[in-house]
Amino acid sequence: MVNTTNLQVAADGNALETCSSSMPRLGCVMLSYQVSKDAIMFSVIADITAGQLSPKETPSSWSCSGSTFGESREGNIAKDKMLAQLASANSTATWNLRIIGILGAWLAVYCIFPSAAAVPRASRRTRPGASASPASEGLQAAIATSHWE
């Protein structure tokens, strides 16, 4: 439990801690804060409730359940521009996942059917008197058998 009796200012003065940072042990708590001195303004998409920011509730739609959403960006950004940036980032991620999915599907089919490369193509013909590959002989026998039955 953190309280005023076990909480002290860290040696560097930038944190509060329950144990000395020179000898940390299991159960020690350190609280520190950082301030961005370069950023003068932030743009935020969130709900303000009782003076605090909280993620905005998003409604459910056709194939998605409802959720919460919150985003902040450095600088004074107009709402339309910020939403356009978020949509662009989402579109890029979607296309990356599509490409990875297509490559994964191709690899799966290639791994499942490696013998497909052994089946001769219709345009590949053997020379008269030359023996055909065992795969093509089996294929020709299967075609002949099914044709005469």
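Residues numbered from 1 in each chain as written. Predicted model: local features only at pLDDT ≥ 70, side-chain atom pairs only at ≥ 80, totals over all residues. Heavy atoms only, no water.

Asks: Describe the overall build of the protein, listing the residues and the values that go with them.
Replies: Looking only at helices and strands, the protein features two helices and nine strands. Taking all 149 residues of the protein together, 8% fall into the buried category. Carbon together with sulfur atoms contributes 60% to the accessible area of the protein, which is approximately 13,000 Å² in total. (Helix = DSSP H or I, 4+ residues; strand = E, 2+ residues; numbered from the N terminus. Buried < 20%, exposed > 50% of the residue type's maximum accessible area, 1.4 Å probe, protein only. Areas by Shrake-Rupley, 256 points an atom, 1.4 Å probe, with all protein chains shown as cover.)

Asks: Explain unusual backbone geometry to me, and be specific about the residues and the numbers.
Replies: Of note, Ala50 is a non-glycine position whose phi angle comes to about 55 degrees, a positive value. Looking at the secondary structure, you find Ala50 in the loop between strand S5 (47-49) and strand S6 (52-54).

Asks: Give me the lowdown on the environment of Asn3, citing residues and values where you can.
Replies: With respect to the secondary-structure elements, Asn3 resides in the segment before strand S1 (8-9). Residue classification places Asn3 among the partly exposed residues on the basis of a relative accessible area of 28%. Between the C-alpha atoms of Asn3 and Thr18, which are 15 residues apart in sequence, the distance is 8.8 Å.

Asks: If you had to explain the side chain of Thr18 to someone new, which residues and values would you point to?
Replies: When you line up the elements, Thr18 lands in the loop between strand S2 (15-17) and strand S3 (30-32). Among the polar contacts made by the side chain of Thr18, one reaches the main-chain amide nitrogen of Val29 at a distance of 2.8 Å. (Polar contact = N/O pair within 3.5 Å; in protein donor to acceptor, adjacent residues only side chain to side chain.)

Asks: Go over the pairing of strand S4 (residues 42-45), please, and point to the residues and values.
Replies: The two faces of a sheet get side chains in turn, since along a regular strand they alternate between them. Burial along S4 is one-sided: the residues Ser43 and Ile45 are buried and none of Phe42 and Val44 is. In terms of strand pairing, S4 meets strand S9 (residues 71-74) through four bridges, oriented antiparallel. Of the residues in S9, the one forming a bridge with Phe42 is Glu74. (Pairing = 2+ DSSP bridges.)

Asks: So what's going on with the packing of aromatic side chains? Which residues, and what values?
Replies: Centre-to-centre distance and the angle between the planes together describe a pair of aromatic rings. Under the criterion given, the structure shown has one aromatic pair. When the centroid spacing of 5.5 Å and the interplanar angle of 15 degrees are considered together, the rings of Trp106 and Tyr110 count as stacked. Of this pair, Trp106 and Tyr110 both sit in helix H1 (residues 79-112), four residues apart, which is roughly one turn of the helix. Since its relative accessible area comes to 52%, Tyr110 is described here as exposed. It is Arg98 that lies over the ring of Trp95; its NZ or CZ is 4.5 Å from the centre. (Phe/Tyr/Trp six-rings, centres within 6.5 Å; stacked < 30°, edge-to-face > 60°. Lys NZ or Arg CZ within 6 Å of the ring centre and 35° of its normal.)

Asks: Help me get a handle on the state of the cysteines, residues and values and all.
Replies: All told, the structure shown has one disulfide when counted by the stated rule. With a sulfur-sulfur separation of 2.2 Å, Cys19 is cross-linked through a disulfide to Cys28. As the torsion about the S-S bond is roughly -95 degrees, the Cys19-Cys28 disulfide counts as left-handed. The buried category is assigned to Cys19, whose relative accessible area is 9%. A relative accessible area of 28% places Cys28 in the partly exposed class. (Disulfide = S-S within 2.5 Å.)

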